[in-house]
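# Structural overview
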Amino acid sequence: VDRCFDILLCERAERLLLASYEGYLLCLETNALPSSIAEAMRLNSTDHLTSAFLANSKKSILIMTQIGKLVHWSANDLETGSFKTRGRSVFSNQRREQGIRVVGAAAVSEGDWCAGLHQDGQISVHAANELFANGTLPTTSELIAFAAVSVPTPSQATPSKNTR
């Protein structure tokens, strides 16, 4: 049964990235998206989406595995894919056969924060720049989810106007 996975607000000429559990990342232009994910990305019956997000050239792409290993790509390195493909492989078939899986992915900047939900119920929060430097998210149990939060800088913040 198909269900709504995520809702993203975007403009016509943005890039949508779809990350799958089995380790594929597909980059699509938003102005050419079909109405159904089945028309956009080919997934095996054992695969499912773990993340859907927008990326611009100023962001880095972080892809997190269940063991806390980080795959880091520049958004500029991503080529727009075509419909009905799996997308770009995040890791080798050998790693996939060993059971490595993607628990989440996000477009981040150095000043952003990332969170991991661990199998033992713990939530850990990490500065993105620390993850860039270490290449891993420290964990004592497997990760089951990963997300990032952008924190606006003072120059990006919109001052509120008090009207009386």
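Read on for an overview of the structure. (Residues numbered from 1 in each chain as written. Predicted model: local features only at pLDDT ≥ 70, side-chain atom pairs only at ≥ 80, totals over all residues. Heavy atoms only, no water.)

## Observations regarding the overall build of the protein chain
What the protein chain contains, in helices and strands, is three helices and 10 strands. Seen in sequence order, the protein chain has helices and strands lined up from the N terminus as β-β-α-β-β-β-β-α-β-β-β-α-β. Residues counted as buried form 39% of the 164 residues belonging to the protein chain. Taking as baseline every contact in the protein chain between residues at least 6 positions apart, the subset at least 24 positions apart corresponds to 64%. Element-wise, carbon and sulfur atoms account for 50% of the exposed surface of the protein chain, whose accessible area totals about 10,100 Å². (Helix = DSSP H or I, 4+ residues; strand = E, 2+ residues; numbered from the N terminus. Buried < 20%, exposed > 50% of the residue type's maximum accessible area, 1.4 Å probe, protein only. Contact = heavy atoms within 4.5 Å. Areas by Shrake-Rupley, 256 points an atom, 1.4 Å probe, with all protein chains shown as cover.)

## A short note on the side chain of Ser51
Note that Ser51 resides in strand E3 (residues 49–55). Within the structure, Ser51 has its side chain in polar contact with the backbone nitrogen of Ala105 (distance 2.7 Å). (Polar contact = N/O pair within 3.5 Å; in protein donor to acceptor, adjacent residues only side chain to side chain.)

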